[in-house]
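Structural overview
Residues per chain, in single letters:
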Amino acid sequence: MAFQKDLFAQQHVLVTGATQGIGAGVANYLASLGARVTAVGLDRGDGSLSAGVRVVLADVSDPESTQRVFDDIDSLDALVNCAGIIRRGAEHQVEVFEKVVSVNLTGTMRMCTASRALLKVSRGAIVNMASMLSFFGGAMVPGYAASKGGVAQLTKSLALAYAGDKIRVNAVAPGWIATPLTQALQDDPARSKPILSRTPLGRWGTPEDVAGCVAFLCSPAAAFMTGVILPVDGGYLVA
Ligand code: NAP
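Presented here is an overview of the structure given in this document. (Residues numbered from 1 in each chain as written. Predicted model: local features only at pLDDT ≥ 70, side-chain atom pairs only at ≥ 80, totals over all residues. Heavy atoms only, no water.)

Right, let's talk about the packing of helix α3 (residues 94-122) against helix α4 (residues 142-162) for a bit. Put simply, α3 and α4 touch, their axes get as near as 8 Å, and they point 15 degrees apart. Comparing their axes, α4 and α3 come out roughly parallel. Helix-helix and strand crossings are classified by hand; for α3 and α4 the assignment is right-handed. Counted together, Phe 97, Val 100, Val 101, Asn 104, Leu 105, Thr 108, Met 109, Cys 112, Thr 113 and Arg 116 of α3 and Pro 142, Gly 143, Tyr 144, Ala 146, Ser 147, Lys 148, Gly 150, Val 151, Leu 154, Leu 158, Ala 161 and Tyr 162 of α4 form the full contact between these two elements. Each residue belonging to the contact of α3 with α4 can be placed in one class, and the counts come to 14 nonpolar, six polar and two charged. (Axes fitted to C-alpha atoms, helices over the stretch in contact; angles between N-to-C directions. Helix = DSSP H or I, 4+ residues; strand = E, 2+ residues; numbered from the N terminus. Parallel < 35°, antiparallel > 145°, perpendicular 65-115°, else oblique. Left-handed = near helix turned anticlockwise from the far one by under 90°. Contact = heavy atoms within 4.5 Å. Nonpolar A, V, L, I, M, F, W, Y, C, P; charged D, E, K, R; others polar.)

What follows is the structure, given as structure tokens:
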């Protein structure tokens, strides 16, 4: 355990896309540091969430569904936006492109907007999920890359817009993390080999690798950080 066990005691954290993958790793890790965690996802996920984490089913691409998440929330200390989809090979169809952007980018904006008043009270923090594709293009995933480039710019813009409310807004940019989203890549040696050979630390990342950095950005140790896009990539970006 890299942090004090009660780092987030008495704090309420909302994590979207938390029913599996990185979001579940973040939810479990923050709960292990004392946070009361509400996890948002489309369904109950793959059972990787800790018992103490409350699950609320909602679709971040749907305004009414998102608003219902806040019906019984009266305090919030941090929002972590992990909900995301990728549709490799299909994103040149404009409807698919639009869907990916509406979950990854507009969904993030929607959650930030809906959380702002509560986070103003707590002087809280937001952590968004950027990506290596915030920096690079992706021929097979124009919607995903556009959405993640947008998440980086949204993060910087909201950092400026919310600074007066003392809300910090940062993002992590995970490299290649072993989750259901990357299962097809992990399973295909022709695609996983170049990923691993370009990653100086020589392995796939884990949801826990990302969760530690999210915890840092939510914590008082990052009190003077806002508008940062923090790579968590085993060195992929500088290789
Ligand atoms: P994942 O395993 O596929 O999990 C995605 C999560 O998002 C699931 O909990 C899913 O819920 C939820 N979700 C999808 N659409 C949603 C919607 N419309 N409303 C609410 N929740 C929704 O993906 P992951 O790898 O953990 O990725 C998490 C985030 O990190 C994403 O933003 C992704 O782009 C980003 N990221 C991942 C990697 C990587 O290598 N894995 C790298 C960079 C960035 P259900 O399970 O209920 O459908």
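Contact geometry of helix α1 (residues 21-32) with helix α7 (residues 207-218) gives a least axis separation of 8 Å together with a crossing angle of 55 degrees. Classified by the angle between their axes, α1 and α7 sit oblique to one another. α1 and α7 meet at a crossing whose hand is right-handed. Residues Gly 21, Ile 22, Gly 25, Val 26, Tyr 29 and Leu 30 of α1 pack against Pro 207, Val 210, Ala 211, Gly 212, Val 214 and Ala 215 of α7. Looking at the contact of α1 with α7, its residues break down into nine nonpolar, three polar and no charged.

Close to the ligand lie 30 residues; Ile 22, Asp 43, Asp 59, Tyr 144 and Thr 179 are nearest. Residue Cys 82 places a main-chain N or O atom 3.1 Å away from an oxygen atom belonging to the ligand. Considering the ligand on its own, with 900 Å² of exposed area, one finds that the protein chains cover 93% of that surface. Looking at the shell around the ligand, the elements with two or more residues in it are α1 and α4. By residue class, the composition of the shell around the ligand is 17 nonpolar, ten polar and three charged. (Near = heavy atom within 4 Å. Polar contact = N/O pair within 3.5 Å; in protein donor to acceptor, adjacent residues only side chain to side chain. Areas by Shrake-Rupley, 256 points an atom, 1.4 Å probe, with all protein chains shown as cover.)

All right, on to the packing of aromatic side chains then. Each aromatic ring pair is described using two quantities: the centre-to-centre distance and the angle formed by the ring planes. Evaluation of the coordinates by the stated rule reveals three aromatic pairs. Between Phe 3 and Tyr 29 the ring centres are 6.4 Å apart and the planes differ by 65 degrees, which places this aromatic pair in the edge-to-face class. With Phe 3 in the segment before β1 (12-16) and Tyr 29 in helix α1, this pair connects stretches of sequence that are 26 residues apart. Relative accessible area serves as the criterion here: at 17%, Tyr 29 is assigned to the buried category. Between Trp 176 and Tyr 236, the ring centres sit 5.9 Å apart and the planes meet at 65 degrees, which makes this aromatic pair edge-to-face. On the criterion of sequence distance, the pair formed by Trp 176 in the loop between β6 (168-174) and α5 (183-187) and Tyr 236 in the segment after β7 (229-232) is long-range, its members being 60 residues apart. Judged by relative accessible area, which is 23%, Trp 176 ranks as partly exposed. The buried category is assigned to Tyr 236, whose relative accessible area is 11%. Among the aromatic residues, those joined into a cluster by ring pairs are Phe 136, Trp 176 and Tyr 236. One cation-aromatic arrangement involves Arg 198 over Tyr 236; the distance from NZ or CZ to the ring centre is 4.1 Å. (Phe/Tyr/Trp six-rings, centres within 6.5 Å; stacked < 30°, edge-to-face > 60°. Buried < 20%, exposed > 50% of the residue type's maximum accessible area, 1.4 Å probe, protein only. Lys NZ or Arg CZ within 6 Å of the ring centre and 35° of its normal.)

To continue, consider the sheet that holds strand β3 (residues 54-57). Spatial ordering of the open sheet is given by β3-β2-β1-β4-β5-β6-β7, a layout of seven strands whose pairing is parallel. Strands with a single pairing partner mark the edges of an open sheet, and in this sheet they are β3 and β7. Going from strand to strand, the sheet's axes swing by 20 degrees on average, the running direction of each strand aside. As judged from the four bridges shared by β1 and strand β4 (residues 78-81), these two strands associate in the parallel manner. Residue pairing for β4: Val 13 is matched across the bridge by Ala 78. This element, α3, spans β1, β4 and β5 (125-129) of the sheet and lies at about 175 degrees to β4. Relative to the sheet, α4 contacts β5, β6 and β7, its axis offset from that of β6 by approximately 160 degrees. (Pairing = 2+ DSSP bridges.)

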